[in-house]
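# Descriptive analysis of the structure
Here is how the chains run, residue by residue.
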There are 2 protein chains.
Amino acid sequence: MQTPDLSTVSSALEALEETIVSKLIDRAQFRHNTRVYEPGRSGFAEEEHVSLLDLRLRFQEHMDAEFGRFEVPEERPFNTNLPEPKRNVRVRETGLHLDGYNCINLTPHIKDSYLALVPCICRPGDDGQYGSSVEHDVYALQAVSRRIHFGAMYVAECKYRQHPRKWGALIAQGNVEGLWEALTRKDVERAILARVRDKVARAQSLVNTKVRHTIDPEVVLRYYRNHIIPRTKEGEVLYLLNRR
Amino acid sequence: MQTPDLSTVSSALEALEETIVSKLIDRAQFRHNTRVYEPGRSGFAEEEHVSLLDLRLRFQEHMDAEFGRFEVPEERPFNTNLPEPKRNVRVRETGLHLDGYNCINLTPHIKDSYLALVPCICRPGDDGQYGSSVEHDVYALQAVSRRIHFGAMYVAECKYRQHPRKWGALIAQGNVEGLWEALTRKDVERAILARVRDKVARAQSLVNTKVRHTIDPEVVLRYYRNHIIPRTKEGEVLYLLNRR
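Residues numbered from 1 in each chain as written. Chains lettered and ligands numbered in written order. Predicted model: local features only at pLDDT ≥ 70, side-chain atom pairs only at ≥ 80, totals over all residues. Heavy atoms only, no water.

## Regarding the overall build of chain A
Tallying secondary structure elements over chain A gives 8 helices and 0 strands in all. Helices and strands appear in chain A in the N-to-C order α-α-α-α-α-α-α-α. Relative to the compact-globule value of 18 Å for 244 residues, chain A shows a C-alpha radius of gyration of 19 Å, a close match. C-alpha extents for chain A along the principal axes are approximately 55 × 40 × 30 Å. Relative to its 244 residues, chain A shows a buried fraction of 55%. (Helix = DSSP H or I, 4+ residues; strand = E, 2+ residues; numbered from the N terminus. Rg over C-alpha atoms; globule rule 2.2 N^0.38 Å. Buried < 20%, exposed > 50% of the residue type's maximum accessible area, 1.4 Å probe, protein only.)

In structure tokens, the structure reads:
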């Protein structure tokens, strides 16, 4: 993507909605299983101070790092101290103007807000399916993180290119509030929220509810409204302030 | 599941359909990328004789083994020589009568038929997204494998319990053809195929085809008819012949 344009970027973001929705529905097939989020209860003998989720996330990202995942701008890791890629990864010209991608890493917030979402999509209780629960947590976290970081970086770059003087002035002033306001497009946000809600409903419309647990489309709409969209915008502001 | 009953098992199999469908749709967002299936082209310096998919599958299963995945009967690995779990995994009473789960391991066939499916769901060509392609291949393979091995073991056990004398006689004769015939229920198979086709169509019905690639429901129906269902039945026969 040598010269990103906003409609290409928006399409990519739209395409990630199905992925997020399906990962959340997959996670919701298991109970809340709070135990997997509690430090010291992972069942790993030598890991006394971490939760099963944190361990799974670390193992997964260790593997992913070796495969080169984090060479891609929008794939920001939840962990630090990851290994270098073992693979020659061909990274295409991104068109981004950043000295390092990790100046935009919103994963701590992403994890917090995801953990707050889990009890709203899963039934309460414990079904003993700890391994599957954290496996699906990791896939959901990665999908949400990809959407937020992709949006943050590429939407901001596209908008900057459309009006470099306008954005340049706000950046020079370090005017965070002004940047936030200029980045906000209520009509676009409303359209995203309605589309996401419809996708959640549609994805489950043929489901036999005796065998699959369904999730409330409004819950996902709220998660988008209160977390995914504002977090993306926060990332856009960060991008613009770090643009070189 | 101390005493599995056929309707519980069928429900679990039905619930896995959504998972398989969503994994296939996710994979189809990337091109065929044949390079990832060719030995010696993984890009890993020290791995000259394997494909990127085989490497990813090995790394993934290594991690999964440490988390205890393969302690679960229906989770059969594609690799051998995997590590022991690092976690205390609580395995519930399965109700299965097997001396070891790996006497039913259909993963070589599952991999072959999946690789034949990929060009039927993905657009041809190479988009450079090798890491993402094999990541999704692995998730799809695991979902298909879980469905086949779960069905093989639990459906066979349930059917055996309903008529132990009838099955006992066929088993004593080593009558593979007779077992296969007795396990076949054309009406049930037809219902599964129609349901799967409808789920593929429904899952994609709201998709913006400008931004997401869709897959042909008939292709998934054929994959179920020609591979998933017969492979499950093959596993049922194996289960019965190995039942202790």
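## Describing the relation of the copies chain B and chain A
For the pair chain B and chain A, the superposition axis carries a translation of 0.0 Å, the fit reaches an RMSD of 0.0 Å, and the rotation angle comes to 180°. Seen this way, the second copy is the image of the first under a two-fold rotation axis. Scanning chain B for the C-alpha nearest the rotation axis identifies Ala 203 of chain B, at a separation of 2.5 Å. A shared binding surface is used by both copies, with 100% of the interface residues of chain B retained as interface residues in chain A. (Least-squares fit on C-alpha atoms with pLDDT ≥ 70 in both. Contact = heavy atoms within 4.5 Å.)

## Overview of the side chain of Gln 204 of chain A
Residues and elements named next belong to chain A. Considering the arrangement of structural elements, one finds Gln 204 in the loop between α7 (186-203) and α8 (217-242). Here the side chain of Gln 204 touches Ile 215 through a polar contact of 2.7 Å, landing on its backbone nitrogen. Setting aside residues up to four positions removed in sequence, Gln 204 forms contacts with Ile 25, His 213, Thr 214 and Ile 215. (Polar contact = N/O pair within 3.5 Å; in protein donor to acceptor, adjacent residues only side chain to side chain.)

## Here's the deal with helix α3 (residues 107-121) of chain A
Between its first and last C-alpha atoms α3 of chain A spans 20 Å; for 15 residues at 1.5 Å apiece the expected length is 21 Å, and the two agree. For α3 of chain A, the secondary structure elements touched by its buried residues are α1 (6-27), α4 (130-162) and α8 of chain A. (Expected span 1.5 Å × (residues − 1).)

## Concerning the side chain of Glu 61 of chain A
All names here are of chain A. As for its placement among the helices and strands, Glu 61 is situated in helix α2 (residues 52-66). For the buried Glu 61, which has no salt bridge, the nearest side chain bearing the opposite charge is Arg 69, at an N-O separation of 6.7 Å. Non-local contacts of Glu 61, meaning those with residues more than four positions away in its chain, are made with Phe 70, Arg 76, Pro 77, Phe 78, Asn 79 and Leu 82. (Lys, Arg positive; Asp, Glu negative; His and termini not counted. Salt bridge = Lys/Arg side-chain N within 4 Å of Asp/Glu carboxyl O.)

## Details of unusual backbone geometry
At Asn 33 of chain A, a position not held by glycine, the phi torsion is positive, near 50°. By secondary structure assignment, the location of Asn 33 of chain A is in the loop between α1 and α2. Despite not being glycine, Asn 81 of chain B shows a phi value in the positive range, around 55°. Looking at where Asn 81 of chain B falls in the secondary structure, it is placed in the loop between α2 (52-66) and α3 (107-121). Judged by relative accessible area, which is 79%, Asn 81 of chain B ranks as exposed.

## So, the interface of chain B and chain A
Of the residues lining the interface, 46 residues belong to chain B; the matching set on chain A comes to 46 residues. Buried surface at the junction of chain B and chain A, both sides included, amounts to about 4100 Å², of which 51% is carbon and sulfur. For the interface between chain B and chain A, the tally reads 10 salt bridges. We note a salt bridge from Lys 23 of chain B to Asp 26 of chain A, for which the minimum N-O separation is 3.1 Å. Counting every contact that joins chain B to chain A gives 18 residue pairs in polar contact (both at pLDDT 80 or more). Mapped by element, the contributors of at least two residues to the side of chain B that touches chain A are α1 (6-27), α2, α4 (130-162) and α7 (186-203) of chain B. The class makeup of the residues in the side of chain B that touches chain A is 13 nonpolar, 13 polar and 20 charged. (Buried area = accessible area lost by both parts, 1.4 Å probe. Nonpolar A, V, L, I, M, F, W, Y, C, P; charged D, E, K, R; others polar.)

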